[in-house]
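# Coordinates in review
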There are 2 protein chains.
Amino acid sequence: MANLLVDERDAKFVLYEQLNIEELCESEEFSEFSREMFDMVMEAAQKLAEKEIAPTNVEGDTIGVKLENGKVSVAPSFHSAYQRYCEGGWASLPISQDHGGQGFPSLLYVAAMELFVSANQALMMYPGLTIGAARLIELYGTEDQQRMYMDKMYTGEWCGTMCLTEPQAGSDVGALRTKAVKRPDGTYSIAGGKIFISAGDHDLTENIIHMVLARIEGAPAGTKGISIFIVPKFRYDESGNLVDNDVTTMAVEKKMGIHGSATCALNFGEKDNCIGFLLGGENQGMKIMFNMMNEARLSVGVQGLAQASTAYMHALKYAKERYQGPEISTMKDPKAPKVPIIQHPDIRRMLMWMKSVTEGIRSLLYYAAYCEDRVHIAKTSEDAAKYQTLS
Amino acid sequence: MANLLVDERDAKFVLYEQLNIEELCESEEFSEFSREMFDMVMEAAQKLAEKEIAPTNVEGDTIGVKLENGKVSVAPSFHSAYQRYCEGGWASLPISQDHGGQGFPSLLYVAAMELFVSANQALMMYPGLTIGAARLIELYGTEDQQRMYMDKMYTGEWCGTMCLTEPQAGSDVGALRTKAVKRPDGTYSIAGGKIFISAGDHDLTENIIHMVLARIEGAPAGTKGISIFIVPKFRYDESGNLVDNDVTTMAVEKKMGIHGSATCALNFGEKDNCIGFLLGGENQGMKIMFNMMNEARLSVGVQGLAQASTAYMHALKYAKERYQGPEISTMKDPKAPKVPIIQHPDIRRMLMWMKSVTEGIRSLLYYAAYCEDRVHIAKTSEDAAKYQTLS
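Along every chain, residues carry numbers that run from 1 in the direction the sequence is written. In the order they appear in the text, chains get letters beginning with A and ligands get numbers beginning with 1. Note on the predicted model: pLDDT of at least 70 is required for a residue's local features to be given, and 80 or more for side-chain atom pairs to be given and counted; whole-chain, interface and lining totals, by contrast, use all residues. Only heavy atoms go into the side-chain values, all of them from the structure, while hydrogens and water stay out.

## Thoughts on the overall build of chain A
We count a stretch as a helix when DSSP gives it H or I for four or more residues in a row; a strand needs E for two or more, and each element gets its number in order from the N terminus. Along chain A, the regular secondary structure elements total 10 helices and 14 strands. In this description the radius of gyration comes from C-alpha coordinates, and the expected globular size is given by 2.2 Å times residues to the power 0.38. Relative to a compact globule of 391 residues, whose C-alpha radius of gyration would be 21 Å, chain A shows 23 Å and is just as compact. Along the longest, intermediate and shortest principal axes, the C-alpha atoms of chain A span 85 × 50 × 40 Å. For chain A, buried positions account for 52% of its 391 residues. What makes two residues a contact is simply this: any of their non-hydrogen atoms within 4.5 Å. Taking the contacts inside chain A whose residues are at least 6 apart along the sequence as the reference set, 67% of them involve residues at least 24 apart. In this scheme, a residue with accessible area under 20% of its type's maximum is buried, one over 50% is exposed, and one in between is partly exposed, where area comes from a 1.4 Å probe on protein chains only.

Given below as C-alpha cells:
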C-alpha cells in the first residue's frame, strides 16, 4: 500500500532542510542522535502507522466504544495496535531518559505523531492525553507520585486524562463545583461530575490516571481557588494493592468523527469513597493545568494537520485514478478520450490549495516543536527567550 | 413549542414588505388570492412543519432507510408525515389548477418549503423531486403520459426521481452508457445502471416514476445523443394492471446528514424487461432534463437556507438559555452572577453573522421564486424578459 497518510518528501523537507534537525545533535542533550537514527525512527513510525494503526480506523468508526455494566470497551483491534505502539517505545519518544524515555527531540515526535494521527485519530487520543498528564506529574509531582503514576504512564501501561469541564463550567472553568475535602492523612475526598472527558474510561489499560480540577473546601471563588488532583481509577491501598477509587462512568458522549474515542461523563465520589492526591500546591490548579492545556492545543493542531494531510493524500490518489471528461482542449469532442481528473485545471487548483495549506500547517507545527527543543537545549536564558515567545 | 425552524417575522418581511406578494394578486392568474389566504397557508405550513414533520427528523437520522429483499423501507414515522403533506395539498401548491393543483404563487411555495425542509430535509427530498419530475411531463409529455403519470405525482400518490449519474458519468453526463432500444410498439427497452438516485426506492408510495437519461441505439456520442425516458417502477400492462418493470435496487448509498433519504444505486433491465416511454423528441434529453436540474438547483438552495435557518433558531434559543461566565464589565469578579451567553459580545457577533447570512439567502431565494411568478403573469415578452434573466 502506498503511503496515504503523510507526504514523506515534504515531512523530510521540513525536518532536514527547513529546520535542519541534525543541528540539534550538536547540543549535549541530543548528542547521541544522528540523521541515520532519525531516518530509522521515521521509517519505523510509517510502518507502524500503515500496518498496525491505519487498519483499525474503520473498525473504530463503525463499532465505536461500548458502555456496558459501567465499563467502557474500545474496538477490539485497538488493543493490539496500542500494544505495538507501547512496545515500540512511542509513548515516551520525547521523554527524558532520566524518566525512562528515549529523549528524542520533540520535533521528531511531532513528525511521528502526524503519521499516527493520520492513521487513526480516535485511537491516538488515548496515548496522546496520557503523555500530557504524565508530564504534569513530572513537572509538579513528588517523587512518590512520579514513581507511582508517571513511570507507568510513560510506558503506556496506564493511561491519563484531563478533567476540566462540568455542565455549568465550560469556558468558565472558574465556575466548577467539584469539591475536595482534606482528610487527616493529607489526601483529599473528591466529589463532583465532569463531562467531555477524552479517554475517560476504556479497557486499553488496567488503570487510568485522571488529572482533576477541584476546589478545596474554603478556597476562594473563581479560578484562583482551583487545585489539581491526581485521581486514579484504581488507587493503592495500604498493602499496595489496587482498589476501586469510586470513579463512575455515567455516559459515553458523542463527538463527530471520532467514534472510536471514548468521550465520557464521569462521576467522582458517588459512594463517597474517591480519593485524590494534590499535585503541586493548593490553589495552583489552573497554572499547573495550563501546561497540559497548552500541550493539548498543539496536539489538536496536529490532529488538524493529520486530517488535512491524509485527506490530501487520498484526494491526490483519487484524482489520478478517476477518469471523467476529456482533456480541456478537446472538451467539445464527444469522442475524445476521457482523462484522469487530475488533468483538469480546476481539479489541479483544488489539489494545489490542499497541498499548500497542508504543507504550511506542517511547517508551522513542526516549527513549534523545534522551538521547544531549542528552549530545552538553550545554554542561557537569552538563548531560550529567542524561541520561547514562538513556541 | 416555539418555532425553531424559520424566523416568522423575517419570512413575512420578505413576502409582504420586500417583495409585496399581494401585488401578484392584481394579475388574472392570482386574482383569487389575498393576504388573508397567504397568511392562512403560512400558518398551516408552520403547523404541519412543527407538529408532523419536525418530530420525524430524529427517527430518520437514527433509523435511516433499510434495504431488505430488494425493497427499501423508510423510517416508520415518515409515512404519516408524508400522508399529512399530501392530504394538505402541499405537493401541488404552486401547480396550475388546470392540472389539479392549487395555483398559488411559487413565492409562497418556497416560503412553505423552507419550513418543511427546516423540519426534515431527508423526508422532503421524496416530494421535492416528485414535483420536479412531474413538471417535465407537464412541459413535454403527451396527454396520455400526463394522465397516466403526472396526475398521480402532483397529488403525491406516486413519487418521482431524476436519474442522470452513472459510475463513469458524473459531471461528464455525456459519457453515459444506459441504452434504449426501440421496440415495435414505439416504447423502448432500457438497460443500464444509475447511481446516487435520491428517493430511488422506498415504500412511501406504491409506484415511483423515474426520469431516466439514456442513449437510443445509434444516437450520436456525447450529450447530443441523449434522450429522456419515463421509466416507472411498475408499468401498466395491456389490461391496465400495474406490473413489475424490472428496476432493481442494488444498494442504498450514504449521504452525510440525510440518513432518512434513500439515495440508491438502481439497475434498469436486469431481466431484459424494463420498458421506458420517450419524453419529448429523440435526443432532446439534456434540454428537457435541464428544466428539472435548474429546479433542483433552486431546491438545493432552499435546503441550504433551511439548514441555516433552523441552525440559527436553535443557536439563538441556546444562547438565551445557556449561562456561562459573568457579564463583560464584571468578568474579573469571580462572584459576579453568570449571565446567558447571548450577553457576551462575541456570541452576539456570531449570532448576528448567522442572522445576516440566513436572511440574505432567504431574500435571494424568495426573490428567485418571485421572478418565476412575474414571468408567469407577464403580459408581454418584454415584461417577462425583465425577470427571466434574474430567475
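## What about the relation of the copies chain A and chain B?
Each copy is superposed on the other by least squares, with the fit set by C-alpha atoms of residues at a pLDDT of at least 70 in both. Superposition of chain A onto chain B requires a rotation of 180 degrees combined with a translation of 0.1 Å along the rotation axis, giving an RMSD of 0.0 Å. When the rotation and shift are considered jointly, the pair of chain copies conforms to a two-fold rotation axis. In terms of C-alpha distance to the rotation axis, chain A has Met256 of chain A as its closest residue, with the C-alpha 5.8 Å off the axis. Most of the interface of chain A is mirrored in chain B, where 100% of its interface residues are also at the interface.

## Some thoughts on the interface of chain A and chain B
Between chain A and chain B, the contact holds 16 residues from the first and 16 residues from the second. Here the quantity called buried area is the accessible surface, traced with a 1.4 Å probe, that two parts lose on coming together, added over both. The largest share of the area that chain A buries against chain B comes from Asp172, Ala221 and Gln324 of chain A, three residues that together contribute 41% of it. Salt bridge, as used here: a side-chain nitrogen of Lys or Arg that lies within 4 Å of a carboxyl oxygen of Asp or Glu. The tally of links from chain A across to chain B stands at two salt bridges. The closest approach of N and O atoms between Asp172 of chain B and Lys338 of chain A, which form a salt bridge, is 3.0 Å. As used in this structure description, the phrase polar contact means that two N or O atoms lie within 3.5 Å; if the pair is within protein, one of them must be able to donate a hydrogen and the other to accept it, and residues adjacent in sequence are counted only when both atoms belong to side chains. Counting across the chain A and chain B interface gives 14 residue pairs in polar contact (both at pLDDT 80 or more). A per-element tally of the side of chain A that touches chain B places strand S13 (residues 323–326) of chain A first, with three residues. Lys, Arg, Asp and Glu make up the charged group, whereas Ala, Val, Leu, Ile, Met, Phe, Trp, Tyr, Cys and Pro make up the nonpolar group; the residues left over, Gly among them, are polar. Classifying every residue of the side of chain A that touches chain B gives six nonpolar, six polar and four charged.

## Here's the deal with the domain arrangement of chain A
Residue and element names in this part refer to chain A. Domain start and stop points were drawn from an automatic or database domain assignment. For chain A, the assigned domains read domain 1 (8–137), domain 2 (158–285) and domain 3 (290–390). Between the C-alpha centres of domain 1 and domain 2 the distance comes to 26 Å. Taken together, the contacts link 22 residues of domain 1 with 26 residues of domain 2. Carbon and sulfur atoms supply 71% of the area that domain 1 and domain 2 bury against each other, a total of about 2,100 Å² over both sides. Applying the counting criterion to the domain 1 and domain 2 interface returns zero salt bridges. For the side of domain 1 that touches domain 2, the secondary structure elements donating two or more residues are helix H3 (57–63), strand S2 (71–73), helix H4 (76–87) and helix H6 (121–140). Counted by class, the side of domain 1 that touches domain 2 contains 13 nonpolar, seven polar and two charged residues.

## Quick notes on the packing of aromatic side chains
Ring pairs shown here join Phe, Tyr and Trp side chains whose ring centres sit within 6.5 Å, with only the six-membered ring taken for Trp; geometry is labelled stacked below 30 degrees between planes, edge-to-face above 60, and tilted in between. Under the defined criterion, the tally for this structure stands at 24 aromatic pairs over all chains. Where Tyr149 of chain B meets Trp158 of chain B, the ring centres are 6.5 Å apart and the plane angle is 45 degrees; that geometry is what we call tilted. In terms of burial, Tyr149 of chain B and Trp158 of chain B fall into one category: buried. Ring geometry for Tyr367 of chain B and Tyr370 of chain B: centres 6.0 Å apart, planes at 25 degrees, overall stacked. Of the two residues, Tyr367 of chain B and Tyr370 of chain B both sit in helix H9 (residues 345–377), three residues apart, roughly one turn of that helix. Three or more aromatic residues joined by ring pairs form one cluster here, namely Phe30, Phe33, Phe38 and Phe104 of chain A. In this analysis the charged atom, NZ for Lys or CZ for Arg, is taken to sit over a ring once it is within 6 Å of the ring centre and within 35 degrees of the ring normal. The positively charged end of Arg35 of chain A is found above the aromatic ring belonging to Tyr16 of chain A, 3.6 Å away from the centroid.

## Focus on the pairing of strand S11 (residues 263–268) of chain B
In regular strands, side chains alternate between the two faces of the sheet. The buried count for S11 of chain B comes to six of six residues, which makes it a mostly enclosed element. The alternating pattern of S11 of chain B places Thr263, Ala265 and Asn267 of chain B on one face and Cys264, Leu266 and Phe268 of chain B on the opposite face, and all of these are buried.

## Focus on the packing of helix H5 (residues 106–119) of chain A against H6 of chain A
Comment: axis = line fitted to C-alpha atoms, over the contacting stretch for helices; angle = value between 0 and 180 degrees taken between N-to-C directions. The geometry of H5 of chain A relative to H6 of chain A is characterised by a closest axis approach of 7 Å and an angle of 145 degrees between their N-to-C directions. Listed contacts from H6 of chain A to Tyr109, Met113, Phe116, Val117 and Ala119 of chain A of H5 of chain A are Gln121, Met124 and Ile131 of chain A.

## Quick word on unusual backbone geometry
In the Ramachandran plot, Asn20 of chain A falls in the positive-phi region, its phi being about 50 degrees despite a non-glycine side chain. By the element assignment, Asn20 of chain A lies in the loop between helix H1 (8–18) and helix H2 (35–53). Here Asn20 of chain A falls in the partly exposed class, since its relative accessible area comes to 25%. Positive phi outside glycine occurs at Ala199 of chain B, with the angle close to 60 degrees. As for its position among the elements, Ala199 of chain B is in the loop between strand S5 (188–198) and strand S6 (208–216).

## Points about the pattern of salt bridges
In the structure shown here, the tally under the stated rule is 37 salt bridges over all chains. Residues Asp39 of chain A and Lys12 of chain A are paired through a salt bridge, measuring 3.9 Å at the closest nitrogen-oxygen approach. Of this pair, Asp39 of chain A sits in helix H2 while Lys12 of chain A sits in helix H1, and the two are 27 residues apart along the sequence. Taking the shortest distance from any N to any O, the salt bridge between Asp185 of chain B and Arg183 of chain B comes out at 3.5 Å. Under the relative-accessibility criterion, Asp185 of chain B is labelled exposed at 51%. Because the salt bridges share partners, they merge into one network encompassing Glu8, Lys12, Glu22, Arg35 and Asp39 of chain B.

## Things to note about the nonpolar core
As used here, the term nonpolar core means buried Ala, Val, Leu, Ile, Met, Phe, Trp, Tyr and Cys residues forming a set that is joined through side-chain atoms within 4.5 Å. Phe116, Tyr126, Met211, Met289 and Tyr366 of chain B are the most contacted members of the largest nonpolar core, which has 109 residues in total. Examining the composition of this core, we find that 11 residues originate from one element, helix H5 (residues 106–119) of chain B, more than from any other. Within the second largest apolar cluster, 107 residues are counted, among which are Ala11, Met42, Val65 and Tyr82 of chain A.

## Details of the confidence of the model for chain A
Note: pLDDT gives the predictor's confidence per residue, expressed from 0 to 100. The share of residues in chain A with pLDDT of 70 or more is 99%, and the mean pLDDT across the chain is 96. Scored by ipTM, the complex comes to 0.85, with pTM at 0.91.

## Regarding the side chain of His202 of chain B
Residues and elements named next belong to chain B. Here His202 lies in the loop between S5 and S6. Residue His202 is classed as buried on the basis of its relative accessible area, which comes to 2%. A polar contact is formed between the side chain of His202 and the backbone nitrogen of Leu204, at a distance of 3.0 Å. Excluding residues that lie within four positions of it along the chain, His202 makes contacts with Val72, Val74, Tyr126, Cys159, Ile208 and Lys233.

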